[in-house]
Amino acid sequence: MSRPVLKVEHLKKYYPIRKGAFSREKAVVKACDDVSFELCAGETLGIVGESGCGKTTTIQSVIRLIEPTGGRILLNGQDFRAMRGPELKQARQKLKLIFQDPYSSLNPRMTVKEIIAEPLEIAGVCSNRAGRDRRVLETMEQVGLDPSYVNRYPHEFSGGQRQRIGIARAIVLRPDVVICDEPVSALDVSIQAKIINLLRQFQRELNLAYIFISHDLGVVRHIADRVLVMYLGRVVEEGESKELFANPLHPYTKALLDSVPRMDADGKPAALQGDVPSPANPPSGCLFHTRCPYAQKICAETAPELREHQMGHKCACHFVDRLPSKGE
Ligand code: SF4
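So, a few notes on the structure that sits alongside this text. (Residues numbered from 1 in each chain as written. Predicted model: local features only at pLDDT ≥ 70, side-chain atom pairs only at ≥ 80, totals over all residues. Heavy atoms only, no water.)

One open sheet holds the eight strands; their spatial order is S6-S7-S8-S3-S9-S10-S12-S11, and the pairing between them is mixed. In this open sheet, the two edge strands, each paired with only one partner strand, are strand S6 (95-98) and strand S11 (307-310). Geometrically, the sheet is characterised by an average inter-axis angle of 25 degrees between neighbouring strands, direction not taken into account. Judged from the four bridges that link them, S6 and strand S7 (residues 177-181) form a sheet pairing that is parallel. Within S7, the residue paired with Lys96 across the bridge is Val178. Relative to strand S9 (residues 226-231), helix H9 (residues 251-259) is tilted by about 105 degrees, and along the sheet it contacts strand S3 (44-48), S9 and strand S10 (234-240). (Pairing = 2+ DSSP bridges. Helix = DSSP H or I, 4+ residues; strand = E, 2+ residues; numbered from the N terminus. Axes fitted to C-alpha atoms, helices over the stretch in contact; angles between N-to-C directions. Contact = heavy atoms within 4.5 Å.)

Following this line, the structure appears as structure tokens:
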């Protein structure tokens, strides 16, 4: 296998909080706790879980939109967390983000040309105007936007077209890794497939690595090679996409799959009781024990480790070998 373009080891993002309004006692919210994964060129890693499970904090920490509390991030073998100044600016060209909401992620006062050209200007690529304009027009064509619309503003486009502008902005610098944060969840179902197909086309053409965040398991199943399932900031299951969807091990993953396509508007699985507990006051032991139908005494006392149960298929559950398998 080729060397990973991105390697994340034991990533943590903790937020200190007071235990109460009048208390001096401090606590921490572990929004992302001990998350590790690798990503190779041309590969897609899906990260799934309900809202509030730490998906977005994890990717924001990976690209240092927020500074991680601990862990290592290697980008093309280089220590990304240690980078500063021009070196960091240079490395950031290799990591790009496509946002969830194409309505709010584009500056309404900028034309499409200015939006797509902005990363080139910040990175100091194509210093002459003619070269930059050519690159913008080429990229518009690549994402299926009519180049004659180059001087239009975001409000003049449909939702799907705006997401194409967001994709153009992300790929114009030819990054190695593109992080897609729920990129189709704000779009009509009829448009979603077109955007997913476009992302897959670029992956083939440019050998891009994707991290694909979603609460929609149907979409992740379609696009991801490997999947991480997160619950309250921790990875509870990890595996090859085909294997994980065919043979889910963790009760949380099973509940998520049982809920497809019955997620409600907040991305809460219909097959699960209750809400995700507050990360400010997480359950003891296994974080999932307050909602798990198989919980035993030990589950409230001891946190299960993420261990490999089949080749490349890891799960954090004390009773993984004794739970009913899919369909039972
Ligand atoms: Fe459920 Fe216990 Fe497994 Fe946690 S460790 S998922 S509570 S059975």
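Counting residues in hydrophobic clusters, the biggest one holds 64 residues, and the most contacted among them are Ile167, Tyr231 and Tyr252. With residues near it in sequence (within four places) discarded, Tyr231 still touches Glu50, Cys53, Val236, Tyr252, Val276, Pro277, Leu287, Phe288 and Arg291. Among the nonpolar cores identified, the runner-up in size contains 29 residues, and Leu39, Ile73, Leu88 and Met230 belong to it. (Core = buried A, V, L, I, M, F, W, Y, C linked by side-chain atoms within 4.5 Å. Buried < 20%, exposed > 50% of the residue type's maximum accessible area, 1.4 Å probe, protein only.)

Moving on, we get to the site of the ligand. Around the ligand sit His250, Pro251, Cys286, His289, Cys292, Tyr294, Ala295, Cys299, Pro304, Cys317, His318 and Phe319, and those are all the residues in its vicinity. Among the detected pockets, the ligand sits in the largest cavity. Of the residues assigned to the shell around the ligand, the class counts are nine nonpolar, three polar and no charged. (Near = heavy atom within 4 Å. 1 Å grid on protein atoms, 1.4 Å probe; cavity = no way out; pocket = protein on both sides within 12 Å on 5 of 7 lines; lining within 4 Å. Sits in = over half its atoms within 2 Å of the grid points. Nonpolar A, V, L, I, M, F, W, Y, C, P; charged D, E, K, R; others polar.)

Here we come to the sheet that holds strand S5 (residues 78-79). On the basis of which strands lie adjacent, the open sheet formed by four strands has the order S2-S1-S4-S5 and antiparallel pairing. Unpaired on one side and paired on the other, strand S2 (26-39) and S5 mark the two borders of the sheet. Note: strand S1 (residues 6-18) against S2, 11 bridges, orientation antiparallel. Directly across from Tyr15, in S2, lies its bridge partner Val29.

Bringing unusual backbone geometry into the picture now. At Asp34, a residue that is not glycine, the phi angle is positive and equals roughly 65 degrees. Tracing the backbone shows Asp34 in strand S2. Judged by relative accessible area, which is 29%, Asp34 ranks as partly exposed. For Asn207, which is not glycine, the phi dihedral falls at a positive 55 degrees. Residue Asn207 is classed as partly exposed on the basis of its relative accessible area, which comes to 45%.

What follows covers the packing of helix H5 (residues 159-171) against helix H6 (residues 189-206). Axes are the key here: two packed helices are described by the angle between their axes and the distance separating the axes. Their axes nearest at 10 Å, the elements H5 and H6 cross at an angle of 15 degrees. On the basis of the axis angle, H5 is roughly parallel to H6. Of the two elements, H5 crosses H6, and the hand of that crossing is right-handed. Two secondary-structure elements touch here, H5 through Gly160, Gln163, Arg164, Ile167 and Ile171 and H6 through Ile191, Lys194, Ile195, Leu198, Leu199 and Phe202. Class assignment for the residues of the contact of H5 with H6 results in seven nonpolar, two polar and two charged. (Parallel < 35°, antiparallel > 145°, perpendicular 65-115°, else oblique. Left-handed = near helix turned anticlockwise from the far one by under 90°.)

As a further point, take the packing of aromatic side chains. One pass over the structure, following the stated rule, counts four aromatic pairs. With centroids separated by 5.0 Å and ring planes inclined at 85 degrees, the aromatic side chains of Tyr231 and Phe288 adopt a geometry described as edge-to-face. Here Tyr231 is found in strand S9, whereas its partner Phe288 is found in the loop between H9 and helix H10 (297-301), with 57 residues between them in sequence. Like Tyr231, the residue Phe288 is buried in the burial classification. (Phe/Tyr/Trp six-rings, centres within 6.5 Å; stacked < 30°, edge-to-face > 60°.)

Before going further, it helps to examine empty space enclosed by the protein. This structure, assessed with the given rule, holds one cavity of 30 Å³ or more. By volume, the largest cavity amounts to about 100 Å³. Along the walls of the largest cavity sit 15 residues, with Pro251, Cys286, Cys292, Cys299 and Cys317 positioned nearest its centre. A breakdown of the residues in the lining of the largest cavity according to their chemical character gives 12 nonpolar, three polar and no charged. (Points joined across faces, edges and corners; volume = space filled by probe spheres on them.)

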